[in-house]
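Analysis of the macromolecular model
Letter by letter, the chains look like this.
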Amino acid sequence: MAIDRDIDKDHDEEPDTALAASTPEKSEMPAWWVRRYTFTGTAVGLVFLWLSMTPSLLPRGPLFQALVSGGSGAIGYGLGVLAVWLVRYMRSQDSSPRAPRIAWWILIVVGIIGTVLMIVWFHFWQDRVRDLMGVPRLTFWAHPQTAVLSIIVLFVLVEIGQQIRRLILFLIGRLNRVAPKRVSAVVAVTLVVVLAMALINGVVVRVAMDFLNNTFSAVNNEESPDNPAPTTSLRSGGPGSLVSWASLGNQGRAFIGGGATTRELSAFNNAPATEPIRAYAGLESADGIKATAELAARELEREGGLHRKVVAVATTTGTGWINQAEADALEYMYNGDTAIVSMQYSFLPSWLSFLVDKENARQAGQALFEAVSARVRAMPEAVRPKLVVFGESLGSFGGEAPFLSVNNIVARTDGALFSGPTFNNSMWLEATHNRDDGSPEVLPIYDDGQNVRFVSRPEDLKRPAHTWGNPRIVYLQHASDPIAWWNPDLILSKPDWLREPRGYDVLPSMEWIPFVTFLQVSADMAVAVNVPDGHGHVYVRAVADAWAAILQPPGWTQAKTERLRPLLHSGA
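Quick notes on the rules
Residues numbered from 1 in each chain as written. Predicted model: local features only at pLDDT ≥ 70, side-chain atom pairs only at ≥ 80, totals over all residues. Heavy atoms only, no water. Helix = DSSP H or I, 4+ residues; strand = E, 2+ residues; numbered from the N terminus. Buried < 20%, exposed > 50% of the residue type's maximum accessible area, 1.4 Å probe, protein only. Contact = heavy atoms within 4.5 Å. Areas by Shrake-Rupley, 256 points an atom, 1.4 Å probe, with all protein chains shown as cover. 1 Å grid on protein atoms, 1.4 Å probe; cavity = no way out; pocket = protein on both sides within 12 Å on 5 of 7 lines; lining within 4 Å. Points joined across faces, edges and corners; volume = space filled by probe spheres on them. Pairing = 2+ DSSP bridges. Axes fitted to C-alpha atoms, helices over the stretch in contact; angles between N-to-C directions. Phe/Tyr/Trp six-rings, centres within 6.5 Å; stacked < 30°, edge-to-face > 60°.

Re the overall build of the protein chain
The secondary structure content of the protein chain amounts to 20 helices and seven strands. A total of 572 residues make up the protein chain; the buried ones form 54% of that total. Excluding contacts between residues fewer than 6 apart, the proportion of contacts in the protein chain whose partners are at least 24 apart in sequence is 75%. In the form shown here, the protein chain has an accessible surface area of approximately 25200 Å², with 62% of it arising from carbon and sulfur atoms.

Right under this line is the structure:
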């Protein structure tokens, strides 16, 4: 929080001493309010609180919206205080006139009316976006609950800022004894910032990371009695496996233990099925990313995966999770004559991995693909399996890593499926930025759709209408997915997806507002998977259509795709 009092009486709208002495006490606003809060900060904070209730991408509950609104209001308060302090500092003034009592009363009345109106607007757009996504509407009492909780959160955060201000003023008072007051102010602020950074980096981050590592490490090591070690040699952790069942990690064991049975595959395809191969190496299966990737490739080779019709290299999210729908769909389409290989590079959730393990995701995606690709290329061309790659979210980021461009992935694979890409996906960003004229950012057309298609619903695979070439790359992305559209540029730059007509599951009333839209989309990321399939960051049924378009399996029909869609689940 910016300093809203200077060294003497230097606070926003503070009268000079003579004026204060001559003004009857009964004409003052309540002393507790004037002493603690500034008029400009309160006004700007209210505006930010209101703006946080404007339409965003996804539905929110009352508690979560209260955190968003309270945090937004606190940021607005800080910006208001900072603006006044900077103006005063540049004008070399130690104080600025206090807002008259009538101004406070007007602000209070406007604040109450404005908040009520924004709650009504919040209620309206929440109902619309919930209806759009098939989510139950909030109850009536959820909306006043949101308003009350927002104010509480706002006051708590502002009070934290006040305590920081008091610390700075305390340091200024001590430094004034040996330095000019403006020098003291700069030194005091610098000391507090350095101290905060030291505490955060040296204590808070270390303690937090130790706690998170211990917590998620324990989760990673949990074994479910409902998912015992496989009894087949065609799954990692089973008989003859190069990796132990325990070393696969929680998500690795879930992946290996998942998938349709040969009986289910046979019934679906009305033909005897082959048992699918799944190979996986966990974080504890080998020492280091390259060693783990090599071990996973050897495990694939041991299981006979190179002799299947399709070999799929999957890049996981932070915890080692793989979208089961993407794996299951392949196995159904080829009646089990497939091999899927993957590896774990972290046990932290994707949002944490993105901050601290992003380079690991890149290295893992590259190392695993190169290890598998080398083995495929070593085979006679006539008997090589189809080689495809896939991944979701951070997995799509890692899945792109081995390839420098669309042309490279076309040259080195037989297809790719990337779901819910992130703003750091370089290939996705390049294709989106260089999209064909007239195509929107949320659903671009690149190079006339020759090898790459961007899809939010199955019918988008036909954009443009002409037949596309091979190999094929599909990006599944929803207009309402905050993971795909979050970008630091949202702070001060209006994105094309808010200049152009909105996507099918985004309200037309959503507008770009400096700072606020960034906060809104950031908040939406926390609830990105709490919506039905086909919205937000949930990609399940459309996976069937995507793989069918990418690989065009022999004998596969649209009727089979329709039958397969309801059988898929993400496994999350």
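Things to note about empty space enclosed by the protein
Taken as a whole and assessed by the stated rule, the structure comprises two cavities of 30 Å³ or more. Estimates place the volume of the second largest cavity at around 40 Å³. Lining the second largest cavity, in full, are Val313, Ala314, Thr315, Thr316, Met343, Ala364, Gly365 and Leu368.

A look at the sheet that holds strand β6 (residues 452-455)
As summarised here, the arrangement of the seven strands in space is β1-β3-β2-β4-β5-β7-β6, forming an open sheet in which the pairing is parallel. On the outer flanks of this sheet lie β1 (277-281) and β6, each paired with one strand and no other. Within the sheet, the average angular offset between the axes of one strand and its neighbour, ignoring direction, is 15°. Where strand β2 (residues 310-315) lies against strand β4 (residues 386-392), six bridges are found, and the strand directions are parallel. Each bridged residue has a counterpart across the sheet, and for Ala312 the counterpart in β4 is Val388. Strands in contact with helix α8 (residues 249-257) are β1 and β3 (338-343); relative to β1, the strand with the most contacts, it is inclined by about 170°.

Some thoughts on the pairing of β4
Where burial is concerned, most of β4 is hidden: six out of the seven residues are buried. Direction of pairing for β4 relative to strand β5 (residues 416-419): parallel, over a ladder of four bridges. Note that in β5 the partner of Val389 across the bridge is Ala416.

Comments concerning the packing of aromatic side chains
Working definition: an aromatic ring pair is given by the centre-to-centre distance plus the angle between the planes. Within the structure shown, the criterion is met by 15 aromatic pairs. Judged by centre distance (5.1 Å) and plane angle (70°), the rings of Phe268 and Tyr332 are edge-to-face. Within this pair, whereas Phe268 is found in helix α9 (residues 262-269), its partner Tyr332 is found in helix α11 (residues 324-333), the two being separated by 64 residues in sequence. Of the two residues, Phe268 and Tyr332, neither departs from the other in class, the shared state being buried. Consider the rings of Trp486 and Phe518, whose centres lie 5.6 Å apart with planes at 45°: the pair is tilted.

A word on unusual backbone geometry
Residue Arg463 is joined to Pro464 through a cis peptide bond whose omega torsion reads -10°. With respect to the helices, strands and loops of the structure, Pro464 is situated in the loop between β6 and β7 (473-476). Residue Pro471 is bonded to the preceding Asn470 through a cis peptide linkage, with omega at -10°. Along the chain, Pro471 turns up in the loop between β6 and β7.

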